[in-house]
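Examining the three-dimensional arrangement
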Amino acid sequence: MSDNQTQCCGYSPTTRGWTGEFIGTFLMCFFGIGAVATATLYSAHTGPFQVGIIWGIAIAIAIYATRNLSCAHFNPAVTLAMCISKRSSWRIFPVYLTAQLLGAIVASIVLWIFFKDSSLAAMAAENIDFSVASAPSSIWCEVFPNTTKGVISTPVAAFAEGFGVFILVIIIFSMTEGCNLGRPSDDIFPLFIGLTISCLIATIGPMTNAGLNPARDIGPRIVGFFAGWKDVAFSSDAMIVYVLAPFIGGALAALIFTKIIEPIQSSTSNTNCC
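Residues numbered from 1 in each chain as written. Predicted model: local features only at pLDDT ≥ 70, side-chain atom pairs only at ≥ 80, totals over all residues. Heavy atoms only, no water.

1. Observations concerning the packing of aromatic side chains
Here is the rule we go by: Between 30 and 60 degrees the pair is tilted, below 30 it is stacked and above 60 it is edge-to-face, where a pair is any two Phe, Tyr or Trp rings, Trp via its six-membered ring, whose centres lie within 6.5 Å. Categorising residues by exposure relies on relative accessible area from a 1.4 Å probe, with only protein chains included: less than 20% of the type maximum marks a residue as buried, more than 50% marks it as exposed, and the intermediate range marks it as partly exposed. We call a charge positioned above a ring when the Lys NZ or Arg CZ atom is no farther than 6 Å from the ring centre and deviates by at most 35 degrees from the ring normal.
Enumeration over the complete set of coordinates arrives at 17 aromatic pairs. Plain terms: the ring middles of Phe114 and Phe115 are 6.3 Å apart, the flat faces sit at 80 degrees to each other, and that makes the pair edge-to-face. Given the relative accessible area of 49%, Phe114 is considered partly exposed. Seen in terms of ring centroids, Phe225 and Phe226 are 5.3 Å apart; in terms of plane orientation they differ by 85 degrees. Their pairing is edge-to-face. Relative accessible area serves as the criterion here: at 27%, Phe225 is assigned to the partly exposed category. Among the aromatic side chains, those forming a connected cluster through ring pairs are Phe26, Phe30, Phe31, Tyr42, Phe114 and Phe115. Of note, Arg87 hangs over the ring of Phe173, and the distance from its end group to the ring centre comes to 4.3 Å. The aromatic ring of Phe225 is capped on one face by Lys230, whose charged end is 5.4 Å from the ring centroid.

See the structure below:
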């Protein structure tokens, strides 16, 4: 029996999966949203590229840290895509979903403890209260457009978030598809998943903040709501852009990959694809 098997004795796959998704989502949100907070409050990072790189590294670290426990989704839209494509059982969906949401909430609580005083000071300097959307509120409650120079409607913002998740899921599937000779090895593919997120943030971030993950969005919003931004945290537009659109994008990616891309890859003459 290997060391890994020894460590897992006595724990069900459901327990291990829930634990992996909770820890991974916590790490991803702690580092990623933390980078957003330091950029917003302290100008610690310049532009979406630097923040995006931190998100990418955070996701890679989270995958490396937890993929012996779960499938390392950390994103309900990815879990939905995996279930639709039959790469994962539907039984794991509620397990992963609850773990992802709780991981994002706990990370956001920790970050609120870190940045509460700085957020309140920034609001006081602008003479605004919790009833007004502000730079501090955007750390926990994503907004679009994400810059003063941006002009973006709700349909376009929803398309951006949905299409971003569509690209992410297609790349995840491609990098784990046995017939894809261009896929990286298991040792390094988490880095490429992280770099995909970095590229998406650099492209979409200035428009929508590039949430690309319903858990990553809802968890901080819940904390923001209880922190005081009750009139800012939840809106129908935000739920369409940051929750509904990613689920649709992930589902469409799963269907297109399994119905079109995967059969084409599997029909090649390469012996590995027979």
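After presenting the structure, the write-up continues.
2. A closer look at the side chain of Thr79
This is how the line gets drawn: Only DSSP runs of H or I with at least four residues qualify as helices, and only runs of E with at least two residues qualify as strands; both kinds are numbered from the N terminus onward. The contact definition used throughout considers only heavy atoms, calling two residues in contact when any of these lie within 4.5 Å.
Here Thr79 is to be found in helix 4 (residues 76–84). For Thr79, the contacting residues outside a window of four places in its chain are His73, Ile92, Phe93, Tyr96 and Gln100.

3. Details of the UniProt feature "transmembrane region" (unreviewed entry) in the chain
This is how the line gets drawn: UniProt positions are given in the numbering used here, feature names are shortened, and annotations may be inferred rather than shown by experiment.
The UniProt record annotates "transmembrane region" (unreviewed entry) at residues 22–42, 48–66, 95–115, 156–176, 188–207 and 239–257. The span residues 188–207 carries 95% helix and 0% strand; its end-to-end C-alpha distance comes to 30 Å.

4. A look at the side chain of Asp217
Selection criterion: N or O atoms closer than or at 3.5 Å make up a polar contact, with two conditions inside protein: a donor-capable atom paired with an acceptor-capable one, and, for residues adjacent in sequence, both atoms drawn from side chains.
Among the secondary structure elements, Asp217 is positioned in helix 9 (residues 214–227). Under the relative-accessibility criterion, Asp217 is labelled buried at 0%. Of note is the side chain of Asp217, whose polar atom sits 2.7 Å from the side chain of Arg221. Those residues in contact with Asp217 that sit more than four places away from it in its chain are Trp140, Glu142, Met239, Tyr242 and Val243.

5. Some points on unusual backbone geometry
Across the junction of Phe144 and Pro145, the peptide omega takes the value -10 degrees, indicating a cis bond. Structurally, Pro145 is set in the loop between helix 6 (135–140) and helix 7 (154–175). Backbone geometry places Ser43, a non-glycine residue, at a positive phi of 55 degrees. Mapped onto the elements, Ser43 comes out in the loop between helix 2 (13–42) and helix 3 (47–66). We classify Ser43 as exposed; its relative accessible area is 58%.

6. Comments concerning a nonpolar patch on the surface
For the record, the criterion: For patch building, the residue pool is restricted to those with more than 30% relative accessible area and no salt bridge; the joining distance is 9 Å between like charges and 5 Å between nonpolar side chains (Val, Leu, Ile, Met, Phe, Trp, Tyr). Each accessible area value is a Shrake-Rupley result obtained with a 1.4 Å probe; residue values ignore everything except the protein chains displayed when judging cover. What counts as a salt bridge is simple: a side-chain nitrogen of Lys or Arg found within 4 Å of a carboxyl oxygen of Asp or Glu.
Judged by side-chain polarity, Ile240, Leu244, Ile248, Leu252, Leu255, Ile256, Ile260 and Ile264 come together as a nonpolar surface patch covering roughly 670 Å² of accessible area. When you line up the elements, Leu252 lands in helix 10 (residues 236–266).

7. Points about the pattern of salt bridges
Side-chain pairs of opposite charge can arise whenever the charged atoms involved come near each other. Under the criterion given, the structure shown has four salt bridges. Across the pair Arg87 and Glu177 runs a salt bridge whose closest N-O atoms are separated by 3.5 Å. Taken as a pair, Arg87 in the loop between helix 4 and helix 5 (92–125) and Glu177 in the loop between helix 7 and helix 8 (189–208) lie far apart in primary sequence, 90 residues in all. The class for Arg87 is partly exposed, based on a relative accessible area of 30%. For Arg87, the salt bridge goes to Glu262, with nearest N and O atoms at 3.8 Å. With a gap of 175 residues between them, Arg87 in the loop between helix 4 and helix 5 and Glu262 in helix 10 connect regions that are remote in the sequence. A relative accessible area of 23% means that Glu262 is categorised as partly exposed.

8. Re the confidence of the model for the chain
Defined as follows: By definition, pLDDT measures how confident the predictor is in each residue, and it falls between 0 and 100.
Considering every residue of the chain, the mean pLDDT works out to 92; 94% of them sit at 70 or more. Per-residue pLDDT stays below 50 along residues 1–8; that stretch engages in four contacts with residues further than four places along the chain or on separate chains.

9. Some details on the nonpolar core
Here is the rule we go by: Buried Ala, Val, Leu, Ile, Met, Phe, Trp, Tyr and Cys residues that are joined via side-chain atoms within 4.5 Å together make up what is termed a nonpolar core.
Among the nonpolar cores identified, the biggest contains 53 residues, and Trp55, Trp140, Val169, Ile172, Phe173 and Ile193 are the most heavily contacted of them. For this core, the secondary structure elements donating two or more residues are helix 2, helix 3, helix 4, helix 5, helix 6, helix 7, helix 8 and helix 10. Top element by residues in this core is helix 2. It accounts for nine residues. What Ile172 contacts, discounting residues up to four positions off in sequence, is Val78, Met82 and Ile193. Grouped together as the second largest cluster of nonpolar side chains are eight residues, Phe144, Ala157, Ala158 and Tyr242 included.

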